[in-house]
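Spelled out from the first residue to the last, the chains are:
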Amino acid sequence: MKLQFIGAVHEVTGSCTLLTACGKNILIDCGMEQGENIYENPGLPIAPNAINAIFLTHAHVDHSGKIPFLAANGFEAPIYSTQATYRLCRIMLMDSAHIQMFEAQWQNRKNKRSGREPVEPLYTTDDAEAALKLFAPCEYEKSYSVFDGIEIRFIDAGHLLGSSSIEIKVTENGITKTLLFSGDIGNVNRPLIRDPKMPPKADVVVVESTYGDRLHPSRPDYINQLTNIIQTTFDNGGNVVIPSFAVGRTQELLYLIRIIKEKHLIKNHDNFPVWVDSPLAVEATEIYNDTNLIDYFDEETLELLDKGVNPIKFRNLNLAVTSDESREINFNDEPKIILSASGMCEAGRIRHHLKHNLWRKECTILFVGYQAVGTLGRKIIDGATDVKLFGEEVHINARIEKIDGISGHADRNMLLHWLASMPEPPRVVFVNHGNDRVCDDFAKAIEQELQYTATAPFPGDGFEIGDTVVQTEVGTRRLVDKKAHKTQVANSVFERLKMSGDRLAQVIEQNRGGTNKDLAKFADQITALCEKWQR
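The present account deals with the structure reproduced in this document. (Residues numbered from 1 in each chain as written. Predicted model: local features only at pLDDT ≥ 70, side-chain atom pairs only at ≥ 80, totals over all residues. Heavy atoms only, no water.)

1. Considerations on the packing of helix α6 (residues 249-262) against helix α7 (residues 279-288)
- For the pair α6 and α7, interaxial distance at closest approach is 9 Å and the crossing angle is 65°. The orientation of α6 relative to α7 falls into the category roughly perpendicular. Of the two possible hands of crossing, α6 and α7 adopt the one that is right-handed. Here T250, Q251 and L254 of α6 lie close against α7, whose contacting residues are A281, A284, T285 and Y288.
- Here the residues of the contact of α6 with α7 sort into four nonpolar, three polar and no charged. (Axes fitted to C-alpha atoms, helices over the stretch in contact; angles between N-to-C directions. Helix = DSSP H or I, 4+ residues; strand = E, 2+ residues; numbered from the N terminus. Parallel < 35°, antiparallel > 145°, perpendicular 65-115°, else oblique. Left-handed = near helix turned anticlockwise from the far one by under 90°. Contact = heavy atoms within 4.5 Å. Nonpolar A, V, L, I, M, F, W, Y, C, P; charged D, E, K, R; others polar.)

Next up, the structure:
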């Protein structure tokens, strides 16, 4: 059995780990990188059609966003997740595909004017649809035998509706070993969803470290903080603009705003409007209203539903779906709350709302979630005085606020407590999904405070899991060349070309033993193709 770390190693996003066991190649997550890329990522060492399954911890794009890309390049195997994760992926992956296509169209208009070659989207809506057909939804706490010798179980991670830690039992040569992938561990006492379940016994643990270097403040009074920000901003005649992840965070904020409205805490602005401006968030909100998914909610939410109270709906909640509806929001002078994606301000309609509101001193931009290094949201929080939006410099006059503690991630102590709750110490803990220094520091904290063996792998590092855990591959420690990275992102189709080459090599090997006539014809076709494209 072997583990190879591909993505979100010494980085926060792009989660992807390759497990090779019982003759099968299995990916745990296949996410998209967001924000700043620190280390060169070697990519998958196998072609997509050589992957036998994907085990998906949750629906966030930094864990699921590259799955349609695999489907576009030959991947046809099952994707195991919870039912709620599948439901959320139906909207998140389609939304991601629309973004890929839109950005490629926008880039190609610029390229045409400048005489550059056109680019292709990383994947299309057709690719996302193909990927969604591969999902095999599962339930929490039920064991599934997915291959001979491989059994999996999904455990509530408390991060997002349907989010999971995944227990993987592998039996080879009569010996069973257990691996546990934490996924993203959630914060506690959050609206709507349950707290994370404590982990079972495992030989090997892969644990995230997003907040591995920080502590959440003592639980703040979210209602009071949010009320004060809204009241002050509305009294000044401004809007409260909240960059918010469309799935999870938006619904939690609607839960809090419902309470504020029910208690009439905002004075002189009775029945103030709240806009959710994200087609993805609108669809996700409907999923949170689906009674078929009530098994994923916490007890408080279930009690509200039993009383006939919708926990995330209230008077003057407005849902913007079309572009025209989105544009109209900023041409209405009435003070309002605008919730829009994406949460890190890297894409989506939030960028239009920032353009219209950042320069206005009477407005407030309120951040309620993690902002990765290199993202627009992080630049604003860190005190930027000017930002560029749609090619235009925008000076920041608005008040910038942040409510700490509204986080979907467990902090350092919560992560350590989660690990310490294991019935027995694991043989090794691999730390991933954290900023460069954080991964190393959190691995040291695990060793010093829990006396567990821990290490923070780099992209491409591989480990044989046997009687001992032995590193078999040393990956890259090379930092990304920023200029080269921009070129790579703009021309993502080259990655598809490389994967097609890997697939061709596999097809060649599969034809070993064919007739001389067929092999000669195949060779001539490949030679002709090479001569056509050789430069």
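After that view, the rundown keeps rolling.
2. Here we look at the nonpolar core
- Ranked by size, the top nonpolar core spans 112 residues in total, and within it F55, L161, I168 and I337 carry the most contacts.
- Looking at this core, the element that brings in the most residues is helix α3 (residues 83-114), giving nine residues.
- Not counting the four nearest positions on each side in its chain, I168 is found in contact with L19, I28, F55, I150, E151, I152, K177, T178, L179 and F181.
- Judged by nonpolar contacts, the second largest core, of 23 residues, contains I155, L416, A443 and A456. (Core = buried A, V, L, I, M, F, W, Y, C linked by side-chain atoms within 4.5 Å. Buried < 20%, exposed > 50% of the residue type's maximum accessible area, 1.4 Å probe, protein only.)

3. So, empty space enclosed by the protein
- This structure, assessed with the given rule, holds two cavities of 30 Å³ or more.
- Within this model, the largest cavity holds a volume of roughly 110 Å³.
- Around the largest cavity, the lining is made up of 15 residues, and of these S15, D29, F181, G183 and N432 lie nearest the centre.
- Of all the secondary structure elements, the ones that give two or more residues to the lining of the largest cavity are β2 (16-21), β3 (24-30) and β11 (204-208). (1 Å grid on protein atoms, 1.4 Å probe; cavity = no way out; pocket = protein on both sides within 12 Å on 5 of 7 lines; lining within 4 Å. Points joined across faces, edges and corners; volume = space filled by probe spheres on them.)

4. Describing the packing of α3 against helix α4 (residues 125-132)
- Between α3 and α4, the least distance of the axes is 8 Å, while the angle of their chain directions is 160°. Compared by their axis directions, α3 and α4 come out roughly antiparallel. Crossing geometry of α3 relative to α4 is assigned as right-handed. Residues Y86, C89, R90, L93, M94, A97, H98 and M101 of α3 touch α4, and the partners they reach there are T125, A128, E129 and L132.

5. Observations concerning unusual backbone geometry
- In this model, A341 is joined to S342 through a cis peptide bond whose omega is 10°.
- Here the phi dihedral of L192 falls at roughly 80°; this positive angle occurs in a residue that is not glycine.
- Within the secondary structure, L192 is located in the loop between β10 (175-181) and β11.

6. Things to note about the sheet that holds strand β14 (residues 317-320)
- Strand order in the open sheet made by the six strands is β14-β13-β15-β12-β16-β19, with parallel pairing throughout. Among the strands making up the open sheet, the edge pair consists of β14 and β19 (399-402). The mean inter-strand angle of the sheet, taken between neighbouring strand axes irrespective of direction, is 20°.
- For strand β13 (residues 274-277) and β14, the ladder comprises four bridges, and the chain directions are parallel. In the strand pairing of β14, D277 is matched with A320. (Pairing = 2+ DSSP bridges.)

7. Remarks on the pattern of salt bridges
- Considering all chains together, one arrives at 22 salt bridges under this definition.
- Residue D213 pairs with R437 through a salt bridge whose shortest N-O separation is 3.6 Å. Of this pair, D213 sits in the loop between β11 and α5 (222-235) while R437 sits in helix α13 (residues 436-450), and the two are 224 residues apart along the sequence.
- As a salt-bridge pair, R437 and D441 come within 2.7 Å of each other at their nearest N and O atoms. Taken together, the residues span about one helical turn, with R437 and D441 both in helix α13 at a distance of four residues. (Salt bridge = Lys/Arg side-chain N within 4 Å of Asp/Glu carboxyl O.)

8. Things to note about α5
- With 14 residues, α5 ought to run about 20 Å at 1.5 Å a step, and its terminal C-alpha atoms sit 20 Å apart, in line with that.
- All buried positions along α5 are accounted for by Y222, I223, L226, T227, I229, I230, Q231, T233 and F234.
- Elements in contact with the buried residues of α5: β12 (240-243), α6, β15 (337-340), β16 (364-367) and β19.
- Positive backbone phi, approximately 85°, marks G237, located one or two places after α5. (Expected span 1.5 Å × (residues − 1).)

9. Focus on the sheet that holds strand β22 (residues 462-465)
- Read from one edge to the other, the open sheet built from eight strands follows the order β6-β5-β4-β3-β2-β1-β22-β23, with strand pairing classed as mixed. Only two strands of the sheet have a single partner each, and these edge strands are β6 (135-138) and β23 (469-473). Shown here is a sheet whose adjacent strand axes are inclined to one another by a mean of 25°, direction ignored.
- Relative to strand β5 (residues 79-82), α3 is tilted by about 110°, and along the sheet it contacts β5 and β6.

10. Comments concerning a positive patch on the surface
- Residues R109, K110, R113 and R116 make up a contiguous surface patch of positive charge.
- We classify R116 as exposed; its relative accessible area is 57%. (Patch = residues over 30% accessible without salt bridge, like charges linked within 9 Å, V, L, I, M, F, W, Y side chains within 5 Å. Areas by Shrake-Rupley, 256 points an atom, 1.4 Å probe, with all protein chains shown as cover. Lys, Arg positive; Asp, Glu negative; His and termini not counted. Charge placed at Lys NZ, Arg CZ, Asp CG, Glu CD.)

11. So, the state of the cysteines
- Throughout the structure, instances matching the rule amount to zero disulfides.
- Left without a disulfide partner, C22 is nearest to the cysteine sulfur of C138, which lies 18 Å away.
- With no disulfide of its own, C138 lies 13 Å from the sulfur of C89, the closest cysteine sulfur. (Disulfide = S-S within 2.5 Å.)

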